[in-house]
Amino acid sequence: MDFSFISDSIVTYGVFLLFAVVAVASAFLVVSVRSVMHSALFLAVFLLSVAAFFFIFDADFLGIVQILLYVGGVIVLILFAVMLTARVSSSLLQQTNEQKYSALIVCALLFIMLSYSILISGLQGFENTLLPGGTAKSVGWLLMTVYVLPFEVASIVLLAALIGAMAIVGKKDE
Amino acid sequence: MSNLYFYTVIIVSLVLFLIGVYGVLTRRNAIGILMAIEIMFNAANINLVAFNKFMHLEASIGIIFPIFIITLAAAETAVGLALILAIYRNIKSVNVEKMELLKW
């Protein structure tokens, strides 16, 4: 069998569409499902499909960071918070407020406006084939040279967030 | 072909962002709002990476910025969940409609 008529970019486009369906469906379930626990688990599915997008777009380093930080860290944090507040987040309670329909109208109007302005913008996209063998090397080089100041500031922000989170939630002994 | 691909990526990230906006507007649970904010961050990251791939900028510039966004989102989630737990300890609720102490 000769498959040479299938070009490389059509295959990537098909894989992208597959993961796009998964991402949109799971994101919609995150905001609409009743139980907060289930919505946290759908958020994990959504974040994994975003990591798949990053791998499709040749950003392999970013995909690994996404899996490690989001699926490994943030989801665990959110699951702990959901379990600690389980009594008030149960699925028996109404989880959405009464502005459901007005919010839908706002989102539909925003969608029409933004997609119209994207479609008339006349952007010309073409595939960047400049990055053979992944981006980890160039990302590391840029982080240590051009973007070294934001890199260090981000580390200070992380330290401040760590200490701040402990100071807010820690028990005060009186 | 790659133009269609590019526009599909932008529209998908737009749809994801608007789903996040819808979640922030309608959720009553503060943890649910935090999760919707994560969806919006990720939609923005998809957009940045797609522009890096399709608009032929200087190599990998569009990948540095999402790294900082992911870092700050992790910090934001940690502090936000700590705040939610502190509020839960005081008013025994995570419903944002019950958090009215500073409301005039």
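Residues numbered from 1 in each chain as written. Chains lettered and ligands numbered in written order. Predicted model: local features only at pLDDT ≥ 70, side-chain atom pairs only at ≥ 80, totals over all residues. Heavy atoms only, no water.

(A) Main features of helix α3 (residues 61–91) of chain B. With 31 residues, α3 of chain B extends 45 Å from end C-alpha to end C-alpha; this agrees with the ideal 45 Å at 1.5 Å per step. Among the residues trailing α3 of chain B, Lys92 of chain B stands out with phi positive, at a value near 55°. (Helix = DSSP H or I, 4+ residues; strand = E, 2+ residues; numbered from the N terminus. Expected span 1.5 Å × (residues − 1).)

(B) Inspection of the environment of Phe55 of chain A at higher detail. Tracing the sequence through the fold places Phe55 of chain A in helix α2 (residues 36–56). Apart from the residues lying within four places of it in its own chain, the contact partners of Phe55 of chain A are Asp60, Gly63, Ile64 and Ile67 of chain A. (Contact = heavy atoms within 4.5 Å.)

(C) Structural detail: the pattern of salt bridges. Under the defined criterion, the tally for this structure stands at two salt bridges over all chains. Across the pair Asp58 of chain A and Lys53 of chain B runs a salt bridge whose closest N-O atoms are separated by 3.2 Å. You can see Asp58 of chain A sitting in the loop between α2 and α3 (60–84) and its partner Lys53 of chain B sitting in helix α2 (residues 30–54), one on each of two chains. Residue Asp58 of chain A is classed as partly exposed on the basis of its relative accessible area, which comes to 31%. Exposure remark for Lys53 of chain B: the relative accessible area of 7% places this residue in the buried category. (Salt bridge = Lys/Arg side-chain N within 4 Å of Asp/Glu carboxyl O. Buried < 20%, exposed > 50% of the residue type's maximum accessible area, 1.4 Å probe, protein only.)

(D) A look at the interface of chain B and chain A. Listed as interface residues are 71 residues of chain B and, on the opposing side, 87 residues of chain A. Roughly 7,400 Å² of surface becomes buried between chain B and chain A when both sides are summed, with 76% attributable to carbon and sulfur atoms. If you sort the residues of chain B by the area they bury against chain A, Tyr22, Arg27 and Lys53 of chain B come out on top, with a joint share of 10%. Linking chain B with chain A are one salt bridge. Taken together, chain B and chain A are joined by eight residue pairs in polar contact (both at pLDDT 80 or more). At the level of elements, α1 (2–26), α2 and α3 of chain B are the ones that each hand at least two residues to the side of chain B that touches chain A. Element by element, the count of residues in the side of chain B that touches chain A is highest for α3 of chain B, at 22 residues. Of the residues that constitute the side of chain B that touches chain A, the class distribution is 50 nonpolar, 14 polar and seven charged. (Buried area = accessible area lost by both parts, 1.4 Å probe. Polar contact = N/O pair within 3.5 Å; in protein donor to acceptor, adjacent residues only side chain to side chain. Nonpolar A, V, L, I, M, F, W, Y, C, P; charged D, E, K, R; others polar.)

(E) Structural view of the environment of Ile19 of chain B. Residue and element names in this part refer to chain B. Position of Ile19 relative to the elements: it lies in helix α1. Since its relative accessible area comes to 11%, Ile19 is described here as buried. With 18 residues separating them along the chain, Ile19 and Ile37 place their C-alpha atoms 9.9 Å apart.

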